[in-house]
Amino acid sequence: AARSSRQNVTAHPRSTPTHSPTCQGAALVDLSTAIQDLFGDIQSVAQIIAPIAAVIGFVGLGIMYMGSSWPLIGDWKGRP
């Protein structure tokens, strides 16, 4: 039984590729990963900011539309 359990143990596959990448290739992979991470971060920030900007915009439009009778906003819009 002990002998069969030893046979089930597999060696770890090689962690290095079969062909060694050149320095330029490795730099391009790192640059590509960095750019993908950057755009992923930008997308995350945009997904947070976009709804907030939309709410602020709609509130601003509502104030401009409904608040035209207020002297301050009416003067700003140019309507007496």
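Residues numbered from 1 in each chain as written. Predicted model: local features only at pLDDT ≥ 70, side-chain atom pairs only at ≥ 80, totals over all residues. Heavy atoms only, no water.

## Details of the overall build of the chain
In step 1: Looking only at helices and strands, the chain features 3 helices and 0 strands.
In step 2: Beginning at the N terminus, the succession of helices and strands in the chain can be written as α-α-α.
In step 3: Across the 80 residues in the chain, those meeting the buried criterion constitute 4%.
In step 4: In the form shown here, the chain has an accessible surface area of approximately 7,500 Å², with 67% of it arising from carbon and sulfur atoms. (Helix = DSSP H or I, 4+ residues; strand = E, 2+ residues; numbered from the N terminus. Buried < 20%, exposed > 50% of the residue type's maximum accessible area, 1.4 Å probe, protein only. Areas by Shrake-Rupley, 256 points an atom, 1.4 Å probe, with all protein chains shown as cover.)

## A closer look at the confidence of the model for the chain
In step 1: Per-residue confidence for the chain gives a mean pLDDT of 75, with 65% of residues at or over 70.
In step 2: Taking the mean pLDDT of every element in the chain, the minimum, 51, falls on helix α1 (residues 2–7) and the maximum, 88, on helix α2 (residues 23–66). (pLDDT = per-residue confidence, 0-100.)

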